[in-house]
Amino acid sequence: MTNKTICTHSGNFHADEALACFLLKLTPKYKDANIVRSRDKKVIDAADIVVDVGAEYDVEKQRFDHHQASFTDTFDDKHQIKLSSAGLIYKHFGKEIIKNRLEINDSLTEVIFQKLYNSMIEELDGIDNGVERYPSDITPKYESNLNITSMIRALNPEWNEPQTDEIINAQFEKAMKLMGDVFLQKLDFYGKSWLPARTIVEDAINFRKDVHSSGEIIVLEHFCPWKDHLYSLEKSMEIKTPIKFVLFADTAGSWRIQAVNVNSHSFSLRQPIGPPEWRGKRDEELSAISGIDNCVFVHANGFIGGNNNKDGALLMAIRSL
Ligand SMILES: *[C@@H]1O[C@H](CO)[C@@H](O)[C@H](O)[C@H]1NC(C)=O
Ligand SMILES: *[C@@H]1O[C@H](CO)[C@@H](O)[C@H](O)[C@H]1NC(C)=O
Ligand SMILES: *[C@@H]1O[C@H](CO)[C@@H](O)[C@H](O)[C@H]1NC(C)=O
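- Where an unreviewed UniProt entry is consulted, the chain appears under the name Metal-dependent protein hydrolase, with the organism given as Polysphondylium violaceum.
- Under the heading Sequence similarities (unreviewed entry), UniProt records this for the chain: "Belongs to the MYG1 family."

Quick word on the sheet that holds strand β5 (residues 63-64)
Working step 1: Pairing is mixed in the open sheet, where 5 strands are placed in the order β2-β1-β3-β5-β4. Each of the sheet's edge strands pairs with one partner strand only, and the pair in question is β2 (34-37) and β4 (57-58).
Working step 2: One ladder, built from 2 bridges, connects strand β3 (residues 49-51) with β5; its direction is parallel. Residue pairing in the sheet places valine 51 in a bridge with phenylalanine 64 of β5.

What to know about the pairing of strand β9 (residues 295-298)
Remark: a regular strand shows side chains that alternate across the two faces of the sheet.
Working step 1: As paired elements, β9 and strand β10 (residues 304-307) share 3 bridges and run antiparallel to each other. Bridge pairing in β10 places cysteine 295 opposite asparagine 307.
Working step 2: Where β9 folds back onto β10 in an antiparallel hairpin, the turn is made up of 5 residues, including glycine 302, whose phi is positive at roughly 75 degrees.

With respect to the site of ligand 2
Working step 1: Near ligand 2 the following residues occur: Asn105, Ser107 and Leu108.
Working step 2: For ligand 2, whose accessible area on its own is 360 Å², the fraction buried by protein is 27%.

Here we look at the pairing of β10
Working step 1: Here β10 shows no split at all, with Ile304 and Gly306 on one side and Gly305 and Asn307 on the other all buried.
Working step 2: For strand β8 (residues 255-259) and β10, the ladder comprises 4 bridges, and the chain directions are antiparallel. Paired with glutamine 258 across the two strands is isoleucine 304, which belongs to β10.

Examining unusual backbone geometry
Working step 1: In this structure, glutamine 62 is a non-glycine residue whose phi angle is positive, near 60 degrees.
Working step 2: Following the sequence through the fold, glutamine 62 ends up in the loop between β4 and β5.
Working step 3: A positive phi is found at asparagine 294, a non-glycine position, where the angle reads about 65 degrees.
Working step 4: Relative to the assigned elements, asparagine 294 resides in the loop between α9 (283-290) and β9.

Focus: the site of ligand 3
Working step 1: Taken together, the residues surrounding ligand 3 are Ser144, Asn145, Asn147 and Ser150.
Working step 2: Contacts to ligand 3 include asparagine 147, whose side-chain N or O atom sits 2.5 Å from an oxygen atom.
Working step 3: Contact distances for ligand 3 include 3.5 Å between an oxygen atom and a side-chain N or O atom of serine 150.
Working step 4: Protein contact buries 49% of the 360 Å² of open area that ligand 3 shows by itself.
Working step 5: For the shell around ligand 3, the class distribution of residues is no nonpolar, 4 polar and no charged.

Structural notes on the sheet that holds β10
Working step 1: Read from one edge of the open sheet, 5 strands run β6-β7-β8-β10-β9, paired in mixed fashion. In this open sheet, the two edge strands, each paired with only one partner strand, are β6 (217-219) and β9. Each strand axis lies, on average, 20 degrees off the axis of its neighbour in the sheet, ignoring direction.

About the cut-offs
- Residues numbered from 1 in each chain as written.
- Chains lettered and ligands numbered in written order.
- Predicted model: local features only at pLDDT ≥ 70, side-chain atom pairs only at ≥ 80, totals over all residues.
- Heavy atoms only, no water.
- UniProt positions renumbered as here; feature names shortened; annotations may be inferred.
- Pairing = 2+ DSSP bridges.
- Helix = DSSP H or I, 4+ residues; strand = E, 2+ residues; numbered from the N terminus.
- Near = heavy atom within 4 Å.
- Areas by Shrake-Rupley, 256 points an atom, 1.4 Å probe, with all protein chains shown as cover.
- Buried < 20%, exposed > 50% of the residue type's maximum accessible area, 1.4 Å probe, protein only.
- Polar contact = N/O pair within 3.5 Å; in protein donor to acceptor, adjacent residues only side chain to side chain.
- Nonpolar A, V, L, I, M, F, W, Y, C, P; charged D, E, K, R; others polar.
- Axes fitted to C-alpha atoms, helices over the stretch in contact; angles between N-to-C directions.

Pasting the structure below:
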């Protein structure tokens, strides 16, 4: 049995098809495929799958170009950015790639699928399609030349360097590797670090009424980065009463109370810790004022506080409601 072929365009390469080809090689179907780079119709027609060339988008025939005028597809109804070949291949093969690598079930795969699109792939789609993140009349304060798109562009031979197919194809392999390394690093981060944190926060939200009947205080069983998850889980779990305080043990085993911001973009707190007379106070003085044993501190702005034990921290949070 001969190996399958993935065809993409020849000439200068870009970040989008470099990633698209890397992604295809992560699938069982195309893992051994040879990559051919060509704009020759005969070569295109003979390929098992075609990416970023061929002027055709037809999943059945495994044709994935996005350059034709008729192409207007986005990731889904909630996204407005037109797909590049990276977004297109991710849309059709991303879930199986995520599921195979992380060995997680369909519902968690869906969570990662969305998160990785929003945090990496959409940017490639936006840049490839020339969509600015900001109105273009804003003058940047310094240059930005270290972005991945420009690093991929720089792997193409320069105008005064030799430009044979062999050289460009060898450089394309490097481009695939660079894009692939970035992709896998992000995938592993979201799968192995971000997702377990989400599970901890989700459990804490589920058990919040056991902590206090108000449901406004949650306790993290292990400390983890929780903010990003709290806001999104409140939405997806349709939590009506916003969570005000998050309790967790610090590395020294003492307990912290952190006040939740109004939303992810705001510095304002939904509810600061304590009445004003607690704020900026420490230790015995704070315990005396609050009548709660083992207090360590409350920050002057009321966004964080500490107590040597969990019950004390919980009492501080309850009194702050
Ligand atoms: C087919 O793919 C395998 C694994 O990638 C490779 O070792 C082999 O050389 C390929 N065969 C051909 C004819 O390209
Ligand atoms: C998916 O796996 C997670 C973690 O193992 C589990 O909590 C969740 O209930 C599973 N979801 C489904 C729909 O099976
Ligand atoms: C990326 O770098 C290139 C130059 O190397 C620059 O022209 C482009 O504006 C940068 N893109 C972004 C999104 O900053």
